[in-house]
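These are the residues of each chain, in order.
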Number of protein chains: 2
Amino acid sequence: MKEEDNLLSLVKEQQKEIILLSYSDSLLSWDQETYMPEKAIESKSEQMSLLSSIIHKKLTSNELFNAVKKLRNNQNIKGDDKIMIERLYKDLLKSRKIPNDFVRELSKEQSLAVKAWKEAKEKSNFKIFQPHLEKLVKLKIKEANYIKLPGHIYNSLLDSYEEGMTVEKLTPKLEKLKVDLLELLNKIKSSEKYKTQNLRLMSGNFNHQIQKEFCDDVSLKIGLEKDRARIDFSEHPFTTKTGFNDVRITTNIRKKPLFSFGSTIHESGHALYELNMPENHKYDILGNAPSLGIHESQSRFWENMIGLNEPFWRYYFPKFKDNFKINGGFEEWYKEVNFVSPSKIRIESDEVHYCLHIILRFEIELGLMEGKIKVADLPKVWNQKMKELIGVEIKNDSEGVLQDIHWGWGNFGYFPTYALGTIYAAQLYESLKEKFPKIEQDIESGDFSKVRLWLNENIHKHGRKISTEEIIKRACGEGLNPEKYISYLKEKYLKIYV
Amino acid sequence: MKEEDNLLSLVKEQQKEIILLSYSDSLLSWDQETYMPEKAIESKSEQMSLLSSIIHKKLTSNELFNAVKKLRNNQNIKGDDKIMIERLYKDLLKSRKIPNDFVRELSKEQSLAVKAWKEAKEKSNFKIFQPHLEKLVKLKIKEANYIKLPGHIYNSLLDSYEEGMTVEKLTPKLEKLKVDLLELLNKIKSSEKYKTQNLRLMSGNFNHQIQKEFCDDVSLKIGLEKDRARIDFSEHPFTTKTGFNDVRITTNIRKKPLFSFGSTIHESGHALYELNMPENHKYDILGNAPSLGIHESQSRFWENMIGLNEPFWRYYFPKFKDNFKINGGFEEWYKEVNFVSPSKIRIESDEVHYCLHIILRFEIELGLMEGKIKVADLPKVWNQKMKELIGVEIKNDSEGVLQDIHWGWGNFGYFPTYALGTIYAAQLYESLKEKFPKIEQDIESGDFSKVRLWLNENIHKHGRKISTEEIIKRACGEGLNPEKYISYLKEKYLKIYV
């Protein structure tokens, strides 16, 4: 056997072990959020922390890095193998910049911060979380300095979630998006229809068992096969891959009668992506999404462009009407499904407000990283921005600055991917309709197969072989373009409201 | 720090990691039997096999063994630490006798055998399983020769499940038990009551939801706290510990209306033992049961001595009667609960026949190990022995020789622990009644707290600090004594039948 064959099988074997261990770790997390008895938490955390440390050791071993380095310089490595080696090299280079001691310190602070965040949220008291967040912000700045990508300090964090994205590229686009969204909202809010709108059909009684059955139904329709995926309940809906051919999503029933249905469609979008990654890369780095933004584009696509769409409800409304004994017609229902109404909570926001929630967080994160915003001032800053952007008065920290767990996890640079995904989704939907001008007839008849296959072909099957930007360019003829999202919103909502 | 302190913390840290990884491995197994989507099996097996290999490497590392050897000779190691080191030394010595290549080979053959066993059972065709079982028997003989304990070759296998037990000690006791059981069965079967018995109350409709609620109820009553344990469904009921303060049991609803209830009591007995192991040994070898027989004594105790007992049903029958609309009185119900009636299936057997099922398997295992029984002849041998011991005609392999998965797992030497547990349970019950002469009044009022506390105090809290024999001697004033089981059965069943 040639040297490169030996090295290549070492690199593949190591990746496989890392991925298998990560799957086991994911199962532990899934279990923790779904079925685990409460008092098991301590032992479960120790199990997860041990697995993480074994994974980290494997990932940062000199053996792996040296093999990758040698293969990078080997002319015989071609095609997917070459791409894999390049991706791996970049990732390893980055993770090797961060000292082991720092990883342990960060991980310790994260668990403490999450615990404090939970208590703070329960008691609606930011002060409980504040000292932990202060430490985390300091650590994240330190981490960014270890990584040290060119440009803005935030780039080094953002890049972990959205490879290739920078503050320099993103800021002007989001600035423009903010202006456009506020303008559109102004139009909507000054309309007569907006001023007189009120929920009637959705204030009825939506039987929980039937809600659950509809969740199962829509996930199956979208393409989630029961022998490769499952749905459970958890406090917050999420998707996780716990093995090849094994994706778990969760849902939750909240006050809004469409919350479980919508969140199931959303998570099913994530799940479909995971289930359709290229099988020949199931145990290497290329069997992943190239970024969180592109991942989110899949969930937002199904949740919004399909699941809040008129043809979709032409199909589902009669079933909802019968099963929940809704006393009203389709037009009213469709309007209520798409009510534009400011929400204090991001994940309960309508389509038009959603990106403003993200822009708020992005601006705050930049401020924190640049040292222009102090953690102690966060509630004040948050509430003020909420008033400016969303137009709501925040009454307590729990419904305000404490609503998301992400900062407790130390995930700075993560939030923008939600906006990116939302924008990509609109771009994808436009391309899909160009390709299949009659696709809405399919959707209206409950047939989503063309949609799914088009996504498989244009997004899923690439895994991480090509970059997010390249995927979007190939699928939509251009890169990130928030204008497309704005025109999508205008077409839909001005029709409803103006 | 002294050298022994360093070594001791190394040994404890290694044990902790091994135990944490085993818990994660157990969660994967639990998931596989309960919630896992079907097509995830391949990836799940790879995850488990990787965890097992990491565990095995840690367990057989020279670093650990050398530390243990040094500590064994260190005069400063005292008390529990000394016991821990001795137990560990014995275990490591044994596992180090078995070559790595052999472990891998055995593990590979086991997975193939389990797969073949499943197919064979489904098609009721022993021939599909036969070549795999032949290989496994050869491998287990090889394993026994690696271990090479004194006396009968089977001792080397038996000792893994029932430390200290030998063929020499066990055979005469089981021989005598067989004679006594057959004599008792003769008496019962020749009684008028036996000849005219028939199920009336238990042939009604037992609503599954209510069955599930009764399972939850009895497990709670026995002491399974919801924040440390949970109950799910699986094909075969089992108990597994997936973390400290985290024990999972499963049940299943079968044709027999008491199957789920009885199996839940049984598994809850196992679970209580696990939940009450000494906390200061939660991450070392002493936080375990000293043998499977003593473990089984806890499940059999709750299932039989409590759960098939008159006072127990004085408490539960009124609830069963109301909920399942049973048209009949307590006496008839109690008799039906304790119907003596030969079963082809071990785990559906009544108390009187049960140990005969085990004796049959013990005799066959000895024959296989001694080379006196050929695998090819197993169906014939099995059916003949079933006729002699249980008095039933086996019509196909599925209800006969293929009913248990144990041999597919390569678990030879395991079955006797079921009989040992059953016998210990009877001895424990006698001691309990001596200690609390009015205990049956408690049980009749649904109060099991004294029973539970007595078991904690006499069995659970020792963990593996003292041997099974010593535990039984301290609790019952003597070691293993099948006579006690016979007198328990006589007292109970002659009263019912004769």
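Residues numbered from 1 in each chain as written. Chains lettered and ligands numbered in written order. Predicted model: local features only at pLDDT ≥ 70, side-chain atom pairs only at ≥ 80, totals over all residues. Heavy atoms only, no water.

Considering the overall build of chain A
Phase 1: When you go through chain A residue by residue, the secondary structure sums to 21 helices and three strands.
Phase 2: For 498 residues, the compact-globule estimate of 2.2 N^0.38 gives 23 Å, and the C-alpha radius of gyration of chain A, at 23 Å, lies within 12% of that figure.
Phase 3: The buried share of chain A, reckoned over its 498 residues, is 59%.
Phase 4: Considering only contacts in chain A between residues 6 or more positions apart, those separated by 24 or more positions represent 73%. (Helix = DSSP H or I, 4+ residues; strand = E, 2+ residues; numbered from the N terminus. Rg over C-alpha atoms; globule rule 2.2 N^0.38 Å. Buried < 20%, exposed > 50% of the residue type's maximum accessible area, 1.4 Å probe, protein only. Contact = heavy atoms within 4.5 Å.)

A word on the interface of chain A and chain B
Phase 1: Taken together, the 37 residues of chain A in the interface contact 37 residues of chain B.
Phase 2: Where chain A meets chain B, there are 10 salt bridges.
Phase 3: The partner of Lys44 of chain B in a salt bridge is Asp246 of chain A, and the shortest N-O contact between them spans 2.7 Å.
Phase 4: At the surface where chain A touches chain B, the tally comes to 22 residue pairs in polar contact (both at pLDDT 80 or more).
Phase 5: Those elements giving two or more residues to the side of chain A that touches chain B turn out to be α1 (3–34), α2 (41–59), β1 (229–233), β2 (239–243) and β3 (246–251) of chain A.
Phase 6: It is α1 of chain A that contributes the most residues to the side of chain A that touches chain B, 10 residues altogether.
Phase 7: For the side of chain A that touches chain B, the residue count by class is 16 nonpolar, six polar and 15 charged. (Salt bridge = Lys/Arg side-chain N within 4 Å of Asp/Glu carboxyl O. Polar contact = N/O pair within 3.5 Å; in protein donor to acceptor, adjacent residues only side chain to side chain. Nonpolar A, V, L, I, M, F, W, Y, C, P; charged D, E, K, R; others polar.)

As for the relation of the copies chain A and chain B
Phase 1: Once turned by 180° and shifted 0.1 Å along the axis, chain A lies on chain B with an RMSD of 0.1 Å. Between the two chains, the operation in question is that of a two-fold axis. Considering only C-alpha atoms, the residue of chain A closest to the rotation axis is Ser24 of chain A, which sits at 3.7 Å.
Phase 2: Both copies contact each other with a shared surface, as 100% of the interface residues of chain A are interface residues in chain B too. (Least-squares fit on C-alpha atoms with pLDDT ≥ 70 in both.)

Focus on the pattern of salt bridges
Phase 1: Inspection of the entire model under this criterion finds 91 salt bridges over all chains.
Phase 2: With its nearest N and O atoms 2.7 Å apart, the salt bridge here joins Asp31 of chain A to Arg248 of chain B. Residue Asp31 of chain A is found in helix α1, and its partner Arg248 of chain B is found in strand β3 (residues 246–251); the two belong to separate chains. As far as the burial class goes, Asp31 of chain A and Arg248 of chain B line up, both buried.
Phase 3: The closest approach of N and O atoms between Arg72 of chain A and Glu86 of chain A, which form a salt bridge, is 3.1 Å. Of this pair, Arg72 of chain A sits in helix α3 (residues 62–72) while Glu86 of chain A is found in helix α4 (residues 79–97), placing the two residues 14 residues apart along the sequence.
Phase 4: Glu86 of chain A sits in the partly exposed class, given a relative accessible area of 30%.
Phase 5: Connected through salt bridges with shared partners, the residues Lys90, Asp91, Lys94, Asp159, Glu163 and Arg464 of chain A form a single ionic network.

Remarks on the domain arrangement of chain A
All names here are of chain A.
Phase 1: If you check the domain split of chain A, you get domain 1 (3–97) and domain 2 (167–497).
Phase 2: Counting residues at the interface gives 18 residues for domain 1 and 23 residues for domain 2.
Phase 3: Of all residues in domain 1, Tyr23, Trp30 and Arg87 give up the largest surface area on contact with domain 2, accounting jointly for 37% of the area buried on that side.
Phase 4: Linking domain 1 with domain 2 are seven residue pairs in polar contact (both at pLDDT 80 or more), by the criterion used here.
Phase 5: Elements with a minimum of two residues in the side of domain 1 that touches domain 2: α1 and α4. (Domains from an automatic or database assignment. Buried area = accessible area lost by both parts, 1.4 Å probe.)

Comments concerning the environment of Lys433 of chain A
Residue and element names in this part refer to chain A.
Phase 1: Secondary-structure assignment places Lys433 in helix α17 (residues 416–435).
Phase 2: Overall, the relative accessible area of 29% leaves Lys433 in the partly exposed class.
Phase 3: Each C-alpha atom of the pair Lys433 and Val451 lies 9.6 Å from the other, and the pair is 18 residues apart in sequence.
Phase 4: Those residues in contact with Lys433 that lie beyond four places of it in its chain are Ile439 and Glu440.

Concerning the sheet that holds β1 of chain A
Backbone hydrogen bonds are what pair the strands of a sheet, in a parallel or an antiparallel way.
Residue and element names in this part refer to chain A.
Phase 1: What the three strands build is an open sheet, ordered β1-β3-β2; its pairing is mixed. On the outer flanks of this sheet lie β1 and β2, each paired with one strand and no other. Ignoring which end each strand starts from, the neighbouring axes of this sheet average 30° apart.
Phase 2: Where α1 meets the sheet, it contacts β1, β2 and β3, and its direction lies at approximately 130° from that of β2. (Pairing = 2+ DSSP bridges. Axes fitted to C-alpha atoms, helices over the stretch in contact; angles between N-to-C directions.)

Here's the deal with the environment of Tyr315 of chain B
All names here are of chain B.
Phase 1: Following the sequence through the fold, Tyr315 ends up in helix α13 (residues 310–324).
Phase 2: By relative accessible area, Tyr315 is classed as buried at 14%.
Phase 3: Separated by 253 residues in sequence, Tyr315 and Asn62 have C-alpha atoms that sit 56 Å apart.
Phase 4: If we ignore the near neighbours within four places in the chain, the residues touching Tyr315 are Lys221, Ile443, Glu444, Ser445 and Gly446.

Some thoughts on the nonpolar core
Most often, soluble globular proteins keep nonpolar side chains buried together rather than apart.
Phase 1: Core analysis: the biggest nonpolar cluster contains 129 residues, and Phe261, Phe301, Trp302, Phe312, Trp313, Phe320 and Trp333 of chain B have the highest contact counts within it.
Phase 2: Take this core: its biggest share by element is 12 residues, from helix α15 (residues 351–370) of chain B.
Phase 3: In this structure, Phe301 of chain B is in contact with Ile306, Ala425, Leu428, Tyr429, Leu432, Val451 and Leu455 of chain B, ignoring residues within four places of it in sequence.
Phase 4: Grouped together as the second largest cluster of nonpolar side chains are 127 residues, Ala271, Ile306, Ile359 and Phe448 of chain A included. (Core = buried A, V, L, I, M, F, W, Y, C linked by side-chain atoms within 4.5 Å.)

Here we look at the sheet that holds strand β2 (residues 239–243) of chain B
Residue and element names in this part refer to chain B.
Phase 1: The strand order across the open sheet built from three strands is β1-β3-β2, with neighbouring strands paired in mixed fashion. Edge positions in the open sheet fall to β1 (229–233) and β2, since each of these has one partner strand only. Each strand axis lies, on average, 30° off the axis of its neighbour in the sheet, ignoring direction.
Phase 2: By the bridge criterion, five bridges tie β1 to β3 in an arrangement that is parallel. Counted as the bridge partner of Asp232 is Thr250 from β3.
Phase 3: Seen against the sheet, helix α1 (residues 3–34) touches β1, β2 and β3 and runs at an angle of roughly 130° to β2.

Concerning the packing of aromatic side chains
Phase 1: Scanning the entire structure with this criterion turns up 79 aromatic pairs over all chains.
Phase 2: Summarising the aromatic geometry, the rings of Phe126 of chain A and Phe129 of chain A are spaced 6.2 Å apart at their centres and angled 85° between planes, so their arrangement reads as edge-to-face. Highlighted residues: Phe126 of chain A and Phe129 of chain A, both in helix α6 (residues 126–147), separated by three residues, approximately one helical turn.
Phase 3: Taking 5.0 Å as the distance between ring centres and 80° as the angle between the ring planes, the aromatic pair formed by Tyr315 of chain A and Tyr316 of chain A counts as edge-to-face.
Phase 4: Seen from the ring of Phe244 of chain A, Lys282 of chain A lies directly overhead, with NZ or CZ sitting 4.8 Å from the centre.
Phase 5: Here the guanidinium or amino end of Arg248 of chain B rests over the ring plane of Trp30 of chain B, the centre of that ring lying 4.5 Å away. (Phe/Tyr/Trp six-rings, centres within 6.5 Å; stacked < 30°, edge-to-face > 60°. Lys NZ or Arg CZ within 6 Å of the ring centre and 35° of its normal.)

A short note on unusual backbone geometry
Residues and elements named next belong to chain A.
Phase 1: The backbone of Lys148 sits at a positive phi, close to 50°, despite the residue not being glycine.
Phase 2: Residues other than glycine seldom take positive phi values, yet Lys325 does so here, at roughly 55°.
Phase 3: Lys325 gets classed as exposed once you look at its relative accessible area, which sits at 70%.

Observations regarding the packing of helix α10 (residues 208–222) of chain B against helix α11 (residues 259–275) of chain B
Residue and element names in this part refer to chain B.
Phase 1: Direction vectors running N to C along α10 and α11 enclose 30°, while the axes themselves pass 9 Å from each other. For the element pair α10 / α11, the angle class is roughly parallel. In this structure, the crossing between α10 and α11 has a hand that is right-handed. Only Ser260, Phe261, Thr264, Ile265, Ser268 and Leu272 of α11 make contact with α10, whose side of the interface consists of Gln211, Phe214, Cys215, Val218, Ser219 and Ile222.
Phase 2: A class-by-class count of the residues in the contact of α10 with α11 yields seven nonpolar, five polar and no charged. (Parallel < 35°, antiparallel > 145°, perpendicular 65-115°, else oblique. Left-handed = near helix turned anticlockwise from the far one by under 90°.)

Quick word on helix α5 (residues 100–123) of chain A
All names here are of chain A.
Phase 1: Between the first and last C-alpha of α5 there are 35 Å, a value that for 24 residues agrees with the 34 Å anticipated at 1.5 Å per step.
Phase 2: Along α5, the residues that are buried comprise Phe102, Leu106, Glu109, Ala113, Val114, Ala116, Trp117 and Ala120.
Phase 3: For α5, the secondary structure elements touched by its buried residues are α6.
Phase 4: Trailing α5 by a residue or two, Ser124 shows a phi angle of about 50°, which is positive. (Expected span 1.5 Å × (residues − 1).)

Focus on the state of the cysteines
Phase 1: For the coordinates displayed, the defined rule picks out zero disulfides over all chains.
Phase 2: Cys476 of chain B takes part in no disulfide bond, and the closest cysteine sulfur to it belongs to Cys355 of chain B, at a distance of 16 Å. (Disulfide = S-S within 2.5 Å.)

Focus: the side chain of Glu4 of chain B
Phase 1: If you trace the backbone, Glu4 of chain B turns up in helix α1.
Phase 2: Those residues in contact with Glu4 of chain B that lie beyond four places of it in its chain are Leu71, Asn74, Asn76 and Ile77 of chain B.

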